Protein chains: 2
Amino acid sequence: MSKPPTVEDVARVAGVSRQTVSNVLNSPAIVREETRERVQRAIADLAYRPHAAARRLRTRRSSTIGIHLDPYLGGISGVILDRFVHALTERASARGMRVLIYSARTAEEEIERLADLIDGAEVDAVVVTGTFFGDPRTGWLLEREVPFVSFGRPWGGEDVYRSRHTWVDVDGAAGTRAATQHAMSTAGPRVGFFGWPAGSGTGDDRERGWREAMADAEATGPRFESVDGLAVAREVMSAAFADPAMLAGLDALVCVSDAHAVGAHLAAADAGRRSLPVIGFDNTPVAEALGISSIEQSPELVAAAVLDLLMGTTGQAVTLRERASAPEHVLVEPRLIVR
Amino acid sequence: MSKPPTVEDVARVAGVSRQTVSNVLNSPAIVREETRERVQRAIADLAYRPHAAARRLRTRRSSTIGIHLDPYLGGISGVILDRFVHALTERASARGMRVLIYSARTAEEEIERLADLIDGAEVDAVVVTGTFFGDPRTGWLLEREVPFVSFGRPWGGEDVYRSRHTWVDVDGAAGTRAATQHAMSTAGPRVGFFGWPAGSGTGDDRERGWREAMADAEATGPRFESVDGLAVAREVMSAAFADPAMLAGLDALVCVSDAHAVGAHLAAADAGRRSLPVIGFDNTPVAEALGISSIEQSPELVAAAVLDLLMGTTGQAVTLRERASAPEHVLVEPRLIVR
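Sequence positions are assigned chain by chain, starting from 1 and proceeding in written order. Going through the entries in the order they are written, you letter the chains from A and number the ligands from 1. Reporting of local features is limited, given that this is a predicted model, to residues whose pLDDT is at least 70; pairs of side-chain atoms are given and counted only at 80 or more, and all residues count toward the totals for whole chains, interfaces and linings.

A.B. asks: Even after reading the chapter, I still don't get the overall build of chain A, so can you show me in this structure?
C.D. replies: Helix numbering and strand numbering both begin at the N terminus, where a helix is a DSSP run of H or I of at least 4 residues and a strand a DSSP run of E of at least 2. When helices and strands are counted, chain A shows 15 helices and 12 strands. We call two residues in contact whenever the C-beta atoms placed from their backbones are within 7 Å. Partitioning the intrachain contacts of chain A with sequence separation of at least 6 by distance along the chain shows that 70% fall at a separation of at least 24.

A.B. asks: So what exactly am I meant to see when it comes to the nonpolar core here?
C.D. replies: Nonpolar side chains tend to gather and get buried jointly when the protein is soluble and globular. For our purposes the nonpolar core covers buried Ala, Val, Leu, Ile, Met, Phe, Trp, Tyr and Cys residues that link as a set through C-beta atoms within 7 Å. Put simply, a residue is buried when 20 or more other C-beta atoms lie within 10 Å of its own C-beta and exposed when 12 or fewer do; between those, it is partly exposed, and each C-beta is set from the backbone. In terms of nonpolar packing, the biggest core is built from 79 residues, with C255(A), V262(A), A264(A), C255(B), V262(B) and A264(B) touching the most fellow members. Beyond its immediate stretch of four places on either side in the chain, C255(A) contacts F194(A), H260(A), A261(A), A264(A), V278(A), I279(A), G280(A) and F281(A). The next biggest cluster of nonpolar side chains, apart from the first, holds 78 residues, and it includes L301(A), M97(B), L114(B) and V168(B).

A.B. asks: Got a minute to help me understand the packing of helix 8 (residues 172–186) of chain A against helix 9 (residues 201–216) of chain A in this structure?
C.D. replies: A pair of packed helices is characterised by two quantities: the angle between their axes and the separation of those axes. Residues and elements named next belong to chain A. Relative orientation of the contacting elements helix 8 and helix 9 amounts to 35°, with a least axis distance of 7 Å. Between helix 8 and helix 9 lies a crossing whose hand is right-handed. Along the contact surface, helix 8 presents G172, A173, A174, G175, T176, R177, T180 and Q181, while helix 9 presents T202, D205, R206, R208, G209, W210, E212, A213 and M214. Broken down by class, the residue content of the contact of helix 8 with helix 9 amounts to five nonpolar, seven polar and five charged. In this analysis, axes come from line fits to C-alpha atoms, helices being fitted only over the stretch in contact, and the angle between any two N-to-C directions falls in the range 0 to 180 degrees. Two helices cross in a left-handed way if the nearer one is turned anticlockwise from the farther one by less than a right angle. They cross in a right-handed way if the turn is clockwise. Gly is put with the polar residues, along with every residue not named as nonpolar or charged; the nonpolar set is Ala, Val, Leu, Ile, Met, Phe, Trp, Tyr, Cys and Pro, and the charged set is Asp, Glu, Lys and Arg.

A.B. asks: Help me understand the packing of helix 5 (residues 79–94) of chain A against helix 14 (residues 299–311) of chain A in this model?
C.D. replies: Residue and element names in this part refer to chain A. Running from amino to carboxyl end, helix 5 crosses helix 14 at an angle of 45°, the nearest separation of the two axes being 8 Å. Overall, the two elements helix 5 and helix 14 adopt an arrangement that is oblique. Here helix 5 and helix 14 pass one another in a crossing that is right-handed. Contact residues: helix 5 offers I80, R83, F84, A87, L88, R91 and A92, while helix 14 offers P299, E300, V302, A303, A304, V306 and L307. The residue makeup of the contact of helix 5 with helix 14, split by class, is 11 nonpolar, no polar and three charged. Oblique is the label for any angle not under 35 degrees, not over 145, and not in the 65 to 115 range, which are roughly parallel, roughly antiparallel and roughly perpendicular in turn.

A.B. asks: Got a minute to help me understand the interface of chain B and chain A in this structure?
C.D. replies: Quoted interface sizes are often the accessible area lost when the parts come together. Taken together, the contact between chain B and chain A spans 25 residues of the former and 25 residues of the latter. Residue assignment for the side of chain B that touches chain A shows that the elements contributing at least two residues are helix 5 (79–94), strand 2 (98–102) and helix 13 (285–290) of chain B. For the side of chain B that touches chain A, the element with the highest residue contribution is helix 5 of chain B, accounting for seven residues. When grouped by side-chain class, the residues that make up the side of chain B that touches chain A number 14 nonpolar, six polar and five charged. The sheet contact formed by strand 2 (residues 98–102) of chain A and strand 2 of chain B spans three bridges and is antiparallel. Bridged to L100(A) within strand 2 of chain B is L100(B). In short, DSSP must find at least two bridges between two strands for them to pair.

A.B. asks: Hey, could you run me through the relation of the copies chain B and chain A in this one?
C.D. replies: Superposition of the two copies of the chain requires a rotation about an axis and a shift along the axis. What sets the superposition is a least-squares fit of C-alpha atoms, and only residues with pLDDT of at least 70 in both copies go into it. Relative to chain A, chain B is turned by 180° and slid 0.1 Å along the rotation axis, the superposed coordinates differing by an RMSD of 0.2 Å. Here the symmetry operator amounts to a two-fold rotation axis. Closest to the rotation axis within chain B is the C-alpha of L100(B), separated from it by 2.2 Å. Both copies share a contact surface, since 100% of the interface residues of chain B are interface residues in chain A too.

A.B. asks: For this particular structure, what's the right way to read unusual backbone geometry?
C.D. replies: A negative phi holds for most residues other than glycine; trans holds for most peptide bonds. Residue and element names in this part refer to chain A. Unlike most non-glycine residues, D282 shows phi in positive territory, near 130°. Inspection of the secondary structure puts D282 in the loop between strand 9 (278–281) and helix 13 (285–290). Given 27 C-beta atoms within 10 Å, D282 falls into the buried group.

A.B. asks: Would you take a moment to explain the sheet that holds strand 9 of chain A for this structure?
C.D. replies: The strands making up a sheet associate through backbone hydrogen bonding, with each pair oriented either parallel or antiparallel. Residues and elements named next belong to chain A. Taking strand neighbours across the sheet as the criterion, the six strands line up as 7-6-8-9-10-12 in an open arrangement whose pairing is mixed. Each of the sheet's edge strands pairs with one partner strand only, and the pair in question is strand 7 (223–225) and strand 12 (335–337). Taken pair by pair, the neighbouring strands of this sheet meet at an average axis angle of 20°, ignoring direction. Here strand 10 (residues 293–296) runs beside strand 12; their pairing, made up of three bridges, is antiparallel. Its bridge partner being in strand 12, S294 is matched across the sheet by I337. Against the sheet, helix 9 makes contact with strand 6 (191–195), strand 8 (252–255) and strand 9, and its axis sits at roughly 170° relative to strand 6, the strand it touches most.

A.B. asks: Just to check I follow, could you spell out the environment of V39(B) for this structure?
C.D. replies: Residue and element names in this part refer to chain B. Within the secondary structure, V39 is located in helix 3 (residues 33–46). Distance from V39 to L100, taken between C-alpha atoms, is 32 Å for residues 61 residues apart in sequence. Discounting residues that sit within four places of it in the chain, V39 has contacts with V10, A14, V16, T20, V21 and V24.

A.B. asks: Help me out: how do you make sense of the confidence of the model for chain A in this one?
C.D. replies: Fine structural detail should not be taken from predicted coordinates in areas where pLDDT scores are low. Residue and element names in this part refer to chain A. The score called pLDDT rates the predictor's confidence residue by residue, from a low of 0 to a high of 100. In this model, chain A carries a mean pLDDT of 85, and residues with pLDDT of at least 70 account for 85%. A low-confidence stretch, residues 52–60 (pLDDT under 50), is modelled with 17 contacts involving residues beyond four sequence positions or located in other chains. Interface confidence for the predicted complex, expressed as ipTM, amounts to 0.71; the pTM equals 0.75.

A.B. asks: How should the pairing of strand 2 of chain A be read in this particular structure?
C.D. replies: Residues in a regular strand point their side chains to alternate faces of the sheet. All names here are of chain A. With respect to burial, strand 2 is a largely interior element, five of its five residues being buried. Covered by surrounding structure in strand 2 are R98, L100 and Y102 together with V99 and I101, the residues of both alternating faces. Here five bridges tie strand 1 (residues 64–68) to strand 2, and the two strands are oriented parallel to one another. Bridging across to strand 2, H68 finds its partner in Y102.

Here it is in structure tokens:
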């Protein structure tokens with residue numbers, strides 16, 4: 001009996017790269033229609049079955065991916081991680097894998113849970129979310145030689161791109177850069193930024209995109225900051241807009257989150273300028289409901305990339321040793337949704 | 001060696017019911033502080049370990065609960081099921097159980113997935129969500145003798161309260177009744193209802209609460225309807241408010257969902273009456289952001305009740321045969337959040 005066809009065979013027959021075949025299998029929406037059809041013809045001609053390897057894996061192990069589910073904290077941005085978990089579940093199911101969710105309130109508690117799950121062979125691989133500077137989970141997983149991919153960079157300086165582990169993240173700076181350029185070309189050069197207090201990896205990265213776009217255009221604009229939360233963001237901007245010159249001197253405002261954007265939008269409306277162009281980050285249902293432009297993180301694309309890196313395009317779960325020799329780092333480019 | 005203490009022992013020592021002990025373990029927030037302390041003292045005195053039975057179960061089986069994760073469809077109300085899954089995961093983890101999520105696009109596909117999971121002994125029990133009239137999943141689970149509880153009633157007539165299976169649901173009619181009474185006492189007797197087209201169990205139930213409260217008060221108000229979705233709801237109400245007499249004759253509007261409420265609120269603002277009292281259903285972040293009152297379903301209480309019914313207060317997974325003899329039906333009363 002001949003060997004079953006692999007993703008490489010499909011790529012060769014279709015005249016495309018492995019990555020393109022993977023994209024057709026995992027994120028068909030991002031592949032041009034003509035290419036997609038060619039790859040799908042090759043899959044049909046070869047009778048390639050993308051699940052075969054996952055099934056092989058299942059017979060050997062639990063075929064289960066563990067992922068932490070953060071506690072629900074209210075607010076409007078939690079939807080991003082929920083969308084990621086939804087997409088991961090759908091794509092994992094389609095590849096014959098299970099998703100097991102667990103809760104933990106701290107990184108240390110999460111490590112305890114993971115130890116239970118791994119010792120009990122209940123999960124084969126782990127997806128880590130919400131990485132932060134000095135995160136103890138990634139080092140622990142490396143040491144235990146558990147295959148894992150993080151949604152989020154190991155924040156904290158020069159080691160980000162030399163990380164020992166594989167990660168996928170959204171290119172926040174690219175998002176705010178595009179938003180700032182859009183605001184300058186449609187509203188005017190005086191674009192402000194409404195961020196979190198300095199010191200968070202994600203927040204500093206998003207602020208950098210605005211700063212760089214402004215510098216490129218030799219433009220300047222005010223910077224505001226507030227901790228997370230719609231109500232407090234609204235208060236901060238109401239206080240700033242109490243000075244009519246501040247509001248009058250602002251052409252647009254790029255924000256670190258939709259909570260900030262909605263707060264600023266409501267504060268501007270209270271101050272008599274409902275039309276102030278405000279751009280948020282996360283493209284939440286709230287921004288959509290209020291007609292506020294926002295940067296879409298595309299958690300569905302992140303989920304596809306995470307699964308690709310975890311299972312390989314052949315469906316074979318990548319071992320740590322293979323990954324450690326060349327950990328991969330993927331930045332997904334977000335899209336600006338203009339409203 | 002003497003038998004380990006049971007929940008009944010704790011109840012006897014504390015002088016409370018089994019249910020109260022269960023509430024202290026699962027929903028301490030809904031128990032009076034004095035009672036809670038008495039139960040906790042009894043738990044400490046007896047060295048009662050609520051996890052023991054769950055651990056016993058784990059050694060015998062997978063200790064895993066399967067739950068379907070609906071695809072992310074956008075919109076603002078999906079957050080309710082996500083909150084339910086979050087709460088279920090936290091409470092299950094605390095009781096030593098795992099939660100495995102799977103995706104499926106149709107009830108038939110869900111049954112296929114369930115068959116795989118159950119045949120592979122990957123789940124011991126199932127939580128069904130989004131029940132509907134003629135739902136094939138519940139009958140299939142009964143036939144396969146799989147322990148399960150549904151979040152949602154088996155809609156469709158007189159058999160609801162004689163259902164052969166155990167369910168937990170939110171008392172939608174009680175929520176809209178309370179909302180209507182609140183609107184009448186604070187805004188005036190002419191309270192309208194903005195619902196879904198007739199024929200959905202959930203929607204008809206919520207409309208009934210408004211209808212009954214209006215009849216009790218011998219009041220009348222207009223009924224509007226729209227399919228789900230903020231944009232279409234806004235269009236429908238804008239068309240209705242194009243007649244100024246319609247808007248002027250309305251004291252308040254109770255809505256079947258927050259999407260409807262936000263649509264109506266924006267339509268009223270467009271028509272020059274931002275202050276029209278509108279009450280939504282689901283208490284989503286969007287309603288909170290816009291300062292719209294809404295009915296809170298408390299999915300966390302539903303999750304606690306589902307786990308209680310699934311595992312029993314002793315932590316022993318209830319077998320179908322035990323449950324079939326007396327399926328339990330729990331209605332959780334929602335709360336009106338006034339803004």
